[in-house]
Amino acid sequence: MTGDNHIPALIAAAQKARTHAYAPYSGFTVGAALLGAGGAIYSGANVENAAYPQGQCAEASALGQMVSDGEHRLSAVLVIAGGPLLITPCGGCRQRLFEFGSAGTPVHLCAEHGVVQTISLGELLPLGFGPSTLGR
Ligand code: THU
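Predicted model only: the values in this text are computed from it and were never measured.

**Q** So what about the side chain of His-108? Which residues, and what values?
**A** If you trace the backbone, His-108 turns up in strand E4 (residues 106–111). In contact with His-108, not counting residues within four places along its chain, are Asp-4, His-6, Ile-7, Leu-10, Ala-76, Val-77, Leu-78, Val-79, Val-115, Gln-117 and Thr-118.

**Q** How would you sum up the nonpolar core? Please name residues and give values.
**A** Val-30, Leu-34, Met-66, Leu-74, Val-77, Leu-97 and Val-107 are the most contacted members of the largest nonpolar core, which has 21 residues in total. Going through the elements one at a time, strand E1 (30–36), helix H2 (58–68), strand E3 (74–81), helix H3 (91–100), E4 and helix H4 (121–124) are the ones with two or more residues in this core. If near-sequence neighbours (up to four positions away) are discounted, Leu-34 is found in contact with Leu-10, Ala-40, Ile-41, Tyr-42, Ala-62, Leu-63, Met-66, Leu-74, Ala-76, Val-77 and Leu-97. Counting residues in hydrophobic clusters, the runner-up holds ten residues, among them Ala-13, Leu-35, Ala-76 and Cys-110.

**Q** Summarise unusual backbone geometry; cite the residues concerned and give the values.
**A** We note that Leu-127 has phi near 55°; this positive angle belongs to a residue other than glycine. Looking at the secondary structure, you find Leu-127 in the segment after H4. Here Leu-127 falls in the exposed class, since its relative accessible area comes to 89%.

**Q** Mind laying out the sheet that holds E1, listing which residues take part and the relevant values?
**A** Paired through backbone hydrogen bonds, the strands of a sheet run either parallel or antiparallel to each other. The strand order E2-E1-E3-E4-E5 describes an open sheet built from five strands, whose pairing is mixed. The two strands at the open ends of the sheet, each matched to only one other strand, are strand E2 (41–45) and strand E5 (114–120). Across this sheet, the average inter-strand angle for adjacent strands is 20°, counted without regard to direction. Taken together, the five bridges between E1 and E2 define a ladder with antiparallel strand orientation. The partner of Ala-32 across the bridge, within E2, is Gly-44.

Rules used throughout
- Residues numbered from 1 in each chain as written.
- Predicted model: local features only at pLDDT ≥ 70, side-chain atom pairs only at ≥ 80, totals over all residues.
- Heavy atoms only, no water.
- Helix = DSSP H or I, 4+ residues; strand = E, 2+ residues; numbered from the N terminus.
- Contact = heavy atoms within 4.5 Å.
- Core = buried A, V, L, I, M, F, W, Y, C linked by side-chain atoms within 4.5 Å.
- Buried < 20%, exposed > 50% of the residue type's maximum accessible area, 1.4 Å probe, protein only.
- Pairing = 2+ DSSP bridges.
- Axes fitted to C-alpha atoms, helices over the stretch in contact; angles between N-to-C directions.

What follows is the structure, given as C-alpha cells:
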C-alpha cells in the first residue's frame, strides 16, 4: 500500500493497542502500529515493569508482533499517545525501527486527536547504523 491511505487503519490499530497499555508507573499509555510491506498491520502497547528499566515501548511490542508473523519489512509507522503534544519514538526505538525500515520510511507522529506530523525515519535517525552497514 502506498500513499497515506493506510493512516486511518494505522490510527485505529494503534488506538486499540493503546487501550491495552500496561503503564501503571508512568501513567503514560502509548500505542504503535506498523504497516508491513506485505500490507498487514501490526500493533503494540507499552509494557512497563516494577523493575523500571525492564519496561518496553509500544514500538518494540509492535515490532515483536510483526516479526512473529514473519514480516521483516516495514513500510510505515504510526505512534499515538494521550494529550495535545505529539509523541516521538525514543532513541532506542528509532534504532529498532531502522532495522526493518529505511531512511525513507514514513513515521506518523500523533497527538490524541490524530496525526500531527509525518517525518521520515532517516530524519528521526540521521546516518542510522543498520543492516546495510554490516553488508546485510
Ligand atoms: N514510550 C513508548 O512506548 N514509546 C515511545 O516512543 C516513548 C515512550 C513509553 C515508555 C514508558 O512506558 C512511557 O512511554 C513513559 O516513558
